[in-house]
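Examination of the molecular architecture
Below, each chain spelled out in residue letters.
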Amino acid sequence: MLIKQSKSKKFTLIAALSTSLFLASCADGVIENSANSSSSASSSKTKSLATTKLNELYCPAGSENEQLDLTDVNLTRVDNIPLMYQGANNVEGPVWHDGALYYTNMGAHQPDEKGFKLTNQTTIWHWVPGSKPEVWLDDTIAGTNGLALNSKGELIATRHLDGSISKIDWKTKQITPIVSGYQNKRFNSPNDLTLADDDTIYFTDPNWNIPSNVDLATVQGGGKAGSTEAGQRIYRVTADGKVNAIAVTELVPALADKPNGIMLSLDQQKLIVGGLQGLWVFSLNKGEVSQPKQLLNTPIDGLGKDCSGNIYVTTTRELADRKDGQVVVILDNAQKEVGTLNVDSIHIVTNIAFGGSDGKTLFVTGLTAPMDGEKPRLCGEEVCLQAGIYSAELNVKGFPF
């Protein structure tokens, strides 16, 4: 797929990771940074790209052949996005639905009278661009991270609060768990998710967002939250609620280190999964993965997708003005790098969604912990901005989660 390289400043995505991991050596098969697009991708597309059910919901026929143009595209910080929590705030899981962006705001209130601080509380906000965001579900109820839509337009969420994958009714806001555990243990802290045409859900389950009131012996990973204990996996949930661990972490053990962003390719023949140690693509056949190939060796958070088959990856790169520069890397349908966008002055860029009246507005979320020990956190030479949302107008439509 041919894509014009942006002449403007590249968009930065922040990953919450130590510098030593950022500089980890490349494994065999890593795609080097390149602004060259792959002409073979366009010729390899088939009619199936435009005719899968989910694609038809969001993408006009023939849009898989449209050419993304990043010329003069810059991400702009959205003004007046309120934050719920004291100190660190994480804005995550954006999804566009019925003229509004819904997103998760994660953090922690001040300790209670006994000094206990409940971590990883999350609120869902509702924001119609041009108006003030409003709380849609408070953190006694929401407890979410990733948000997505199934083929019926229903809201599907990953939830830290109870370790579930759940459906949330748009009208009543009733939460119905679809699946809450595996082999008689609750999931750790379901993070990101992607859905197939038949409403099969694929999701990642790291162990670093487990609420502080959960007994760690009861979760898949066991041990200390954020550790590299076994039990961090990628799961597949069929439309009838049957759950199985798929072989992602067996084929690529590195993806058991905080698996995070996950996305299906436009033709649903590939599964793309990122984690603390990089990004891999797998062939996908009847729910089984094979033939892993590493695409990036930097820490990965969220992923997005447009109607041309490009994948948008939030990650960290060393830039001229910042070792932990935050970028969105764009890969074409053949998983070749074709461009980047920078996001300035924010701690970590987290996730991607498309929306707006024409489906061409790119929304990018980010987190910031404002203090680095006893000092203000720096993003380059400047103090980091608070968590928030960035946006840009593109010339192609994309998926709303």
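Let us look at the structure shown here. (Residues numbered from 1 in each chain as written. Predicted model: local features only at pLDDT ≥ 70, side-chain atom pairs only at ≥ 80, totals over all residues. Heavy atoms only, no water.)

1. A look at the state of the cysteines
Enumeration according to the criterion identifies two disulfides in this entry. There is a disulfide in this structure between C59 and C307, and the S-S distance comes to 2.0 Å. The sign of the S-S torsion, about -80°, decides the handedness of the disulfide formed by C59 and C307: left-handed. On the criterion of sequence distance, the pair formed by C59 in the loop between α4 (53–58) and β1 (76–77) and C307 in the loop between β20 (300–305) and β21 (311–319) is long-range, its members being 248 residues apart. Assigned by exposure class, C59 and C307 land together as buried. (Disulfide = S-S within 2.5 Å. Helix = DSSP H or I, 4+ residues; strand = E, 2+ residues; numbered from the N terminus. Buried < 20%, exposed > 50% of the residue type's maximum accessible area, 1.4 Å probe, protein only.)

2. So, the layout of surface pockets
Any space left empty among the atoms is revealed by the rolling of a water-sized probe across them. Approximately 510 Å³ is the volume found for the largest pocket. For the largest pocket, the lining is made up of 25 residues, of which N90, M106, N120, N209 and L367 are closest to its centre. Only β2 (89–97), β3 (100–107), β20 and β25 (361–368) provide two or more residues apiece to the lining of the largest pocket. Broken down by element, the lining of the largest pocket gets its largest block of residues, three residues, from β2. (1 Å grid on protein atoms, 1.4 Å probe; cavity = no way out; pocket = protein on both sides within 12 Å on 5 of 7 lines; lining within 4 Å. Points joined across faces, edges and corners; volume = space filled by probe spheres on them.)

3. Concerning the environment of C379
Looking at the secondary structure, you find C379 in strand β28 (residues 378–379). Residues C379 and D321 lie 58 residues apart in sequence; the distance between their C-alpha atoms is 9.1 Å. Dropping the residues within four chain positions of it, C379 is found in contact with R322, S345, I346, H347 and C384. (Contact = heavy atoms within 4.5 Å.)

4. Some remarks on the nonpolar core
Of all hydrophobic cores here, the largest spans 33 residues; its most connected members are Y102, I124, W136 and L155. For Y102, the contacting residues outside a window of four places in its chain are G93, P94, V95, H97, I124, W125, H126, W136, L147 and W170. With 20 residues, the next largest nonpolar core counts Y312, V338, I346 and Y390 among its residues. (Core = buried A, V, L, I, M, F, W, Y, C linked by side-chain atoms within 4.5 Å.)

5. Details of the side chain of T298
Looking at where T298 falls in the secondary structure, it is placed in the loop between β19 (288–296) and β20. At a separation of 2.7 Å, a polar atom in the side chain of T298 contacts the side chain of T315. (Polar contact = N/O pair within 3.5 Å; in protein donor to acceptor, adjacent residues only side chain to side chain.)

6. Let's talk about the sheet that holds strand β22 (residues 322–331)
One open sheet accounts for four strands, arranged β20-β21-β22-β23; its pairing is antiparallel. For this open sheet the edge positions go to β20 and β23 (337–342), each flanked by a neighbour on one side alone. Strand-to-strand twist across the sheet, computed as the mean angle between neighbouring axes with direction ignored, equals 35°. Where β20 lies against β21, four bridges are found, and the strand directions are antiparallel. Looking across to β21, one finds that G304 is bridged to Y312. (Pairing = 2+ DSSP bridges. Axes fitted to C-alpha atoms, helices over the stretch in contact; angles between N-to-C directions.)

7. Some thoughts on the pattern of salt bridges
By the definition in use, this model includes five salt bridges. A salt bridge links R159 to D162; the nearest nitrogen and oxygen atoms lie 2.9 Å apart. Judged by relative accessible area, D162 falls into the partly exposed class, the value being 26%. (Salt bridge = Lys/Arg side-chain N within 4 Å of Asp/Glu carboxyl O.)

8. Section: the environment of D240
Assignment of secondary structure puts D240 in the loop between β14 (233–237) and β15 (243–245). Classification of D240 as exposed rests on a relative accessible area of 56%. Along the primary structure D240 and T200 are separated by 40 residues, whereas in three dimensions their C-alpha atoms are 8.7 Å apart. Separated by 2.4 Å, the side chains of D240 and T238 make a polar contact. Separated by 3.5 Å, the side chain of D240 and the backbone nitrogen of K242 make a polar contact.

9. So, empty space enclosed by the protein
For the structure on display, the rule yields two cavities of 30 Å³ or more. Here the largest cavity is characterised by a volume of approximately 80 Å³. Around the largest cavity sit G93, P94, G146, L147, D192, L193, I262, M263, L303, N351, I352 and F401, which together line it. Secondary-structure elements contributing two or more residues to the lining of the largest cavity are β2, β6 (144–149), β16 (262–264) and β24 (348–355). Space inside the second largest cavity adds up to approximately 60 Å³. L54, N55, T194, L195, M263, Q268, K305, F399 and F401 are the residues that line the second largest cavity. Of all the elements in the fold, those that place two or more residues in the lining of the second largest cavity are α4 and β12 (193–195). Counted by class, the lining of the second largest cavity contains five nonpolar, three polar and one charged residues. (Nonpolar A, V, L, I, M, F, W, Y, C, P; charged D, E, K, R; others polar.)

10. With respect to the sheet that holds strand β18 (residues 278–285)
With antiparallel pairing, four strands are arranged side by side in an open sheet as β16-β17-β18-β19. Edge strands, defined here as strands with exactly one partner in the open sheet, are β16 and β19. Across this sheet, the average inter-strand angle for adjacent strands is 20°, counted without regard to direction. With six bridges joining them, strand β17 (residues 270–275) and β18 adopt antiparallel strand pairing. If you follow K270 over to β18, its bridge partner there is S283.

Purely spatial values, then, with no claim about function.
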